[in-house]
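Observations on the model geometry
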Amino acid sequence: MTQRIMFVTDSAPDERLIAALEEHGFAVSTETQPPGVIDASVTPPDLIVLDVLDPYEGLKRLQEIKTRSDLKTASVLVLAEWGTGQATLALANGADAFEPKPIDAKRLIAAVERFLRPRLVMTAAAKD
């Protein structure tokens, strides 16, 4: 079963990170739309990686994600600059985890696997 990741950012996504996730077997979609128009209508993601560049816009996106019924089962991993207060703000507003930027592919994959691999095991066990 392929697990789905939605990479949400307000700029061009880091293609190296996307490629590394895909190489590890994750199905990755990207959203670069302004807050309020995240489209998860095709297949809801298992994990949303929210790349926070602008703290205000990042908080708006996080609030949108946490209030949408079609995204309620997705965990949210926030990527943000350390020491700016963005991590604390994101976690206080419902993010499930935080990884400081700059982030490399190896560290992102490890963070993603902490969320998604246990879900995959539980899903497989439930089917048995």
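Residues numbered from 1 in each chain as written. Predicted model: local features only at pLDDT ≥ 70, side-chain atom pairs only at ≥ 80, totals over all residues. Heavy atoms only, no water.

What follows deals with the overall build of the protein chain. When you go through the protein chain residue by residue, the secondary structure sums to four helices and five strands. Order of helices (α) and strands (β) in the protein chain, N terminus to C terminus: β-α-β-β-α-β-α-β-α. In the protein chain, 65% of the contacts between residues at least 6 apart in sequence involve partners at least 24 apart. (Helix = DSSP H or I, 4+ residues; strand = E, 2+ residues; numbered from the N terminus. Contact = heavy atoms within 4.5 Å.)

The next subject is the pattern of salt bridges. Using the criterion set out here, one finds nine salt bridges in the structure. Note that R68 and D70 form a salt bridge whose closest N and O atoms lie 2.7 Å from each other. Its salt-bridge partner being R114, residue E99 comes within 2.8 Å of it at the nearest N-O pair. Taken as a pair, E99 in strand β5 (residues 97-101) and R114 in helix α4 (residues 105-127) lie far apart in primary sequence, 15 residues in all. (Salt bridge = Lys/Arg side-chain N within 4 Å of Asp/Glu carboxyl O.)

This part covers the nonpolar core. Counting residues in each nonpolar core, the largest one holds 19 residues, and the members touching the most others are I5, F7, L21, V49, L77, L108 and V112. Listed by contribution, the elements that provide at least two residues to this core are β1 (4-9), α1 (15-23), β3 (47-51), β4 (75-81) and α4. The biggest single contributor to this core is α4, with five residues. By size, the runner-up hydrophobic cluster in this structure holds 16 residues, among which are M6, A80, A90 and A95. (Core = buried A, V, L, I, M, F, W, Y, C linked by side-chain atoms within 4.5 Å. Buried < 20%, exposed > 50% of the residue type's maximum accessible area, 1.4 Å probe, protein only.)

Any functional reading would require information beyond the geometric quantities listed.
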